[in-house]
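# A closer look at the structure
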Amino acid sequence: MTDGEARDMEVGIVAQHDNDRAARLAGAMRASLRRRGVDVRVDRATARTLGDGDGAAVADYHECELIVSVGGDGTFLFAARGAGETPIIGVNLGEVGFLNATGPDDAVEAVGAQVSSFEDGSLVTREMPRLAVSSETAALDLDPAVNEAVVAGPRRGRGGGVDAAVSVDGSRYAAGDADGFIVATPTGSTAYNLSEYGPLVHHDVDGLILNQMAPAEPMPPLVVDVDSEVVVRVRGDRPATVVCDGRRSDPLDPPVEVRIARAGPPVRIADAFRVDVPESTLRIENGQLDGELVEDLPVKI
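In this text the structure is predicted, and so the values were computed from the model without any measurement.

Turning next to the overall build of the chain. Assigned secondary structure in the chain consists of five helices and 18 strands. Buried positions account for 51% of the 301 residues belonging to the chain. Nonlocal contacts in the chain, meaning residues at least 24 apart in sequence, comprise 64% of its contacts between residues at least 6 apart. Accessible surface, the chain: about 14400 Å² in total, of which carbon and sulfur atoms supply 45%.

Structure (structure tokens):
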């Protein structure tokens, strides 16, 4: 491609691993997008399921103009790790999921409508903050979190927690023994935070949620400004762990200080509720898309 030459639009699709239904739907969306001249890449695991060769690294999906996540919240979080500022469209396969707004029956049409919106400049997105975890005294190598960052002891229950003091912008929030301490985004308020009796916070709120896990001296959960810096000072001699989005973790050797703050860029979600899906919808039945074979895929629904 020469300087000044327009780049063809490209959509990256990430499907839930080991889920034939997700792979089949990814194949249907790819077929529909290719029919309208859009370049499409699929992740490596999905490509193998579809019999398509090597596939693409999700870490490089920030090179695309749009990303489609097909599955549950875990798949969305996986896609977000490589998204950068590229908008993500979430397709929910009927599981419990809060990041994926589009249902499977409308997915092909909805993704097509989002592509049209991107092409004419009318795509509506909302932004979710990411959380960066850092320390001056511990070697941490964690991707920014979308849902939450957790500092916890080696196990749940008596004698297995962590002794820590938590402060926000220099003011103490809580101190003492607990199974762990959670810093969540509004998006993450529906995840681990909720399971620990934390508040539901609307995604339009610019804030972070602080919560404790089975504390010896409980404090109510606290919502603070999104630009606040949370410091967790781990004390004593019990080992601890810091975990981002329940996926990657690093060990902590006390005494150690962990800082949690907003990181850039934010995750951008394409707003499925503000896109007009055409009245005449495409239907996927018996491996066919609108009456034509999608592809001869070696998977079953």
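Over its 13 residues, helix α4 (residues 107-119) extends 18 Å from the first C-alpha to the last, a length consistent with the 18 Å expected when each residue adds 1.5 Å. Judged by how many residues are buried, α4 sits mostly within the fold: ten of 13 residues are covered. When we look at burial in α4, the residues that qualify are A107, V108, E109, A110, V111, G112, A113, Q114, V115 and S117. Trailing α4 by a residue or two, G121 shows a phi angle of about 80°, which is positive.

Right, let's talk about helix α1 (residues 20-35) for a bit. In an α-helix, one turn spans 3.6 residues; hence positions three or four apart end up facing the same way. In this model, α1 (16 residues) spans 23 Å end to end at C-alpha, consistent with the 22 Å of a helix rising 1.5 Å per residue. Of all 16 residues making up α1, twelve are buried, and the element is well covered by its neighbours. One side-chain oxygen at the N-terminal end of α1 lies 3.0 Å from the backbone nitrogen of R21; it belongs to N19. Among the residues trailing α1, G37 stands out with phi positive, at a value near 85°.

Once that is clear, we can look at the sheet that holds strand β9 (residues 180-184). The strand order across the open sheet built from six strands is β11-β10-β9-β6-β13-β14, with neighbouring strands paired in antiparallel fashion. Either end of the sheet is taken by a strand with one partner, and the two such strands are β11 (222-225) and β14 (248-252). Across this sheet, the average inter-strand angle for adjacent strands is 20°, counted without regard to direction.

In this structure, V230, V234, L252 and I260 are the most contacted members of the largest nonpolar core, which totals 30 residues. With four residues, strand β7 (residues 162-168) is the single largest residue contributor to this core. When near neighbours in sequence (up to four residues on either side) are disregarded, I260 contacts L131, A132, V133, A149, V183, S228, E229 and V230. Counting residues in each nonpolar core, the second largest holds 26 residues, with A22, L25, V108 and A270 among its members.

Before going further, it helps to spend a moment on the environment of V201. Assignment of secondary structure puts V201 in the loop between α5 (192-195) and β10 (207-213). Overall, the relative accessible area of 14% leaves V201 in the buried class. For V201 and T190, which are eleven residues apart along the polypeptide, the C-alpha to C-alpha distance reads 8.0 Å. Setting aside residues no more than four positions away along its own chain, V201 makes contact with P186, S189, I209 and V223.

The next thing to look at is the side chain of S189. With respect to the helices, strands and loops of the structure, S189 is situated in the loop between β9 and α5. A polar contact of 3.1 Å, which involves the side chain of S189, links it to the backbone nitrogen of V201. Excluding residues that lie within four positions of it along the chain, S189 makes contacts with A184, L194, P199, L200, V201 and I209.

So, how was this worked out
- Residues numbered from 1 in each chain as written.
- Predicted model: local features only at pLDDT ≥ 70, side-chain atom pairs only at ≥ 80, totals over all residues.
- Heavy atoms only, no water.
- Helix = DSSP H or I, 4+ residues; strand = E, 2+ residues; numbered from the N terminus.
- Buried < 20%, exposed > 50% of the residue type's maximum accessible area, 1.4 Å probe, protein only.
- Contact = heavy atoms within 4.5 Å.
- Areas by Shrake-Rupley, 256 points an atom, 1.4 Å probe, with all protein chains shown as cover.
- Expected span 1.5 Å × (residues − 1).
- Polar contact = N/O pair within 3.5 Å; in protein donor to acceptor, adjacent residues only side chain to side chain.
- Pairing = 2+ DSSP bridges.
- Axes fitted to C-alpha atoms, helices over the stretch in contact; angles between N-to-C directions.
- Core = buried A, V, L, I, M, F, W, Y, C linked by side-chain atoms within 4.5 Å.

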